[in-house]
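Reading the structure
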Amino acid sequence: MIPVAHLTPAERCLLISWCFITLILGLIGNSIILLATSQRRAIRLDPVSLVLIRNIAISDVGLILSAGFPSLISLILDAWPFGQSSCYLFHYIKAPCFIVAVLLIAALHVNKLVNISYPLRALGRNRRTGVIISVIMWLMSSVLPIIQLIVKPTDVIFDGQVFRCKYAYRHPIWKELLPLVALLMTVIPNIIVMFTTVSLLVVVKRVRGRVRVSGGITAVYVGAVYIVAYLPISYYNLVYITNAHSFPPKIKYFMDVYFFKFAYFIPFLNVVCNVFIYYISLESFNM
């Protein structure tokens, strides 16, 4: 078994509790969403939004099982117990699930903006449109892991700081390729989510009372939670790492030891909140 970073008893207890809570709530909550959007049809929204919401729930389940579960077991055992082959498996499941979440949320926001701004156009879009959009989003999210497989499929390591497996990017080609991939796969979609979240909020406030906006409010909440959950890791990877040399030693220690862990564990918040968002913001959502 591969050893992990040293933690105080309080830190270990906190992280184990967080992973356990998010694992249980995430699996139960997203199972309810999948059931509500398929068999029971308890969420009454336009068909495109329903398909996108269903795929967001699928990506959340994939992220829970490929990141949350192995992190929890590693924390409990104080080592990586699954072996190298499982490390590869968990990473290549996690990677597309991580990327597709932001792509699907961006698509959901754009769809709701169009529906609210041009309600007549929404009548021409059906479930098939949502399926096509979702398939495109999943294909786009697979680009990075496919490139990783082509460049060096075995360059996956267990990171004892965050208790999960991740790609190491040690091949020289990544120096040129990674910035472009990061821009296309994460930076631009995150900007779209932030822009459309604010835009939806403005549009919803403007038309509320004249147009049905319950789905728009839901999309705003989904986007806001995603931004809160992923802003720390975005800041760490895109801002701090490139400017770490300019930080005082004490700040660098805090960022590299404590903020780093916080940034990699807080995204689990995103996988547990959606079911509560739908319950609060949609009158038609019956659990």
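Check the entry above for the structure.
Parameters and conventions
Residues numbered from 1 in each chain as written. Predicted model: local features only at pLDDT ≥ 70, side-chain atom pairs only at ≥ 80, totals over all residues. Heavy atoms only, no water. Helix = DSSP H or I, 4+ residues; strand = E, 2+ residues; numbered from the N terminus. Contact = heavy atoms within 4.5 Å. Disulfide = S-S within 2.5 Å. Buried < 20%, exposed > 50% of the residue type's maximum accessible area, 1.4 Å probe, protein only. Polar contact = N/O pair within 3.5 Å; in protein donor to acceptor, adjacent residues only side chain to side chain. Pairing = 2+ DSSP bridges. Salt bridge = Lys/Arg side-chain N within 4 Å of Asp/Glu carboxyl O.

1. Comments concerning the environment of R127
- Looking at the element boundaries, R127 is found in helix 5 (residues 127-141).
- Separated by 106 residues in sequence, R127 and I21 have C-alpha atoms that sit 33 Å apart.
- Beyond its immediate stretch of four places on either side in the chain, R127 contacts P47, V51 and R54.

2. Here we look at the state of the cysteines
- Going through the model one piece at a time under the given rule, you end up with one disulfide.
- Sulfur of C19: no disulfide; nearest cysteine sulfur belongs to C13 and is 12 Å away.
- For C19, a relative accessible area of 0% corresponds to the buried category.
- Not part of a disulfide, C273 finds its nearest cysteine sulfur in C19, a span of 15 Å.

3. A short note on the side chain of S49
- Turning to its location among the elements, S49 is positioned in helix 2 (residues 47-77).
- Only 2.9 Å separates the side chain of S49 from the side chain of N111, close enough to count as a polar contact.
- Excluding anything up to four places from it in sequence, S49 contacts L108, N111 and K112.

4. With respect to the pairing of strand 3 (residues 156-159)
- With four bridges connecting them, strand 3 and strand 4 (residues 164-167) associate as antiparallel partners. Its bridge partner being in strand 4, D159 is matched across the sheet by R164.
- Two successive antiparallel strands, strand 3 and strand 4, enclose a turn made up of four residues, where F163 displays a positive phi of approximately 60°.

5. A word on the pattern of salt bridges
- Inspection of every chain in the model, using the stated rule, returns four salt bridges.
- Between D46 and K112 there is a salt bridge whose closest N-O contact spans 3.1 Å. With D46 in the loop between helix 1 (9-37) and helix 2 and K112 in helix 3 (residues 84-117), this residue pair connects regions lying 66 residues apart in the sequence. K112 shares its class with D46; the two are buried.
- D159 is paired through a salt bridge with K166; the nearest N and O atoms lie 2.7 Å apart.

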